[in-house]
Amino acid sequence: NNLGCYYQNQCVNYKLAKEYYMKAIEKGICISICNMAFLYEKKGKYDKSEKYLLMGVDRCHAKCINLLERYYIKQKNKIGLLKLYAKTRQVGKYMAIVNEYFLEEKENNDIIIAIIETLENMEIQNESPNGIKFIKKLLCHQIDIMKLHF
């Protein structure tokens, strides 16, 4: 990882930096995942950056979680935020997005589906409080009503 940082920041040799970050990732050094994401972000390759941040989130690396949250907020990606908050069990932030959806005047099927999917995943892990289960029932009912209108 240190050699990757050296080549990225001192020598500005991204090819060697990636090579050393990959070696560190293979050895299980999680900070290298964040550094790889930074490298791709710096080069404007946001899809690849997101890929590495998601990898870091899977390994519960706090810095990756924070960077991915920042990225999704910047991109106004509510579905990405919902999935991130559900995966990292940040129920308060998750509920803030759900509440925001209910306060919006327009209906967004993609967000409804994402909320239901993430709620189902939480239920499978037996981690969803009763209030969240109730919201899922409301959204399922709302989708049924929308199907009747279209």
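Up top you'll find the structure we're talking about.
This write-up is about the structure you can find in this document. (Residues numbered from 1 in each chain as written. Predicted model: local features only at pLDDT ≥ 70, side-chain atom pairs only at ≥ 80, totals over all residues. Heavy atoms only, no water.)

## Things to note about unusual backbone geometry
The test is simple: Numbering goes from the N terminus for both helices and strands, where a helix is a DSSP run of H or I of at least four residues and a strand is a run of E of at least two. Burial status follows relative accessibility: with a 1.4 Å probe on protein chains alone, a residue under 20% of its type maximum counts as buried, one over 50% as exposed, and anything between as partly exposed.
Despite not being glycine, K76 has its phi angle at roughly 55 degrees, a positive value. For K76, the position within the fold is in the loop between helix 5 (62-75) and helix 6 (78-87). Positive phi values are uncommon outside glycine, yet R89 reaches one of about 60 degrees. By the secondary structure assignment, R89 is in the loop between helix 6 and helix 7 (91-103). For R89, a relative accessible area of 48% gives the class partly exposed.

## Some points on the pattern of salt bridges
Here is the rule we go by: We define a salt bridge as a contact between a side-chain nitrogen of Lys or Arg and a carboxyl oxygen of Asp or Glu at a distance within 4 Å.
Per the stated rule, a full pass over the model turns up five salt bridges. Across the pair R70 and E41 runs a salt bridge, and its minimum N-O distance is 3.4 Å. Here the residue R70 occupies a position in helix 5, and E41 occupies one in helix 3 (residues 31-42), the gap between them amounting to 29 residues. Look at E41 and you get partly exposed, because its relative accessible area is 26%.

## Thoughts on the packing of aromatic side chains
Put simply, the rule reads: Note on aromatic pairs: the rings of Phe, Tyr and Trp (six-membered ring only in Trp) are paired at centre separations within 6.5 Å, and the planes decide the class, stacked below 30 degrees, edge-to-face beyond 60, tilted for the rest.
In this structure the tally under the stated criterion is three aromatic pairs. Both rings, one in Y40 and one in Y52, keep their centres 5.8 Å apart while their planes meet at 15 degrees; by these two values the pair is stacked. Of this pair, Y40 sits in helix 3 while Y52 sits in helix 4 (residues 46-58), and the two are 12 residues apart along the sequence. Judged on exposure class, the residue Y40 and its partner Y52 are both buried. Aromatic pair Y71 and Y72: ring centres 5.8 Å apart, planes at 45 degrees, arrangement tilted. Accessibility expressed as a relative area gives 16% for Y71, which makes it buried.

## What to know about the side chain of S49
Looking at the element boundaries, S49 is found in helix 4. The class for S49 is buried, based on a relative accessible area of 5%.

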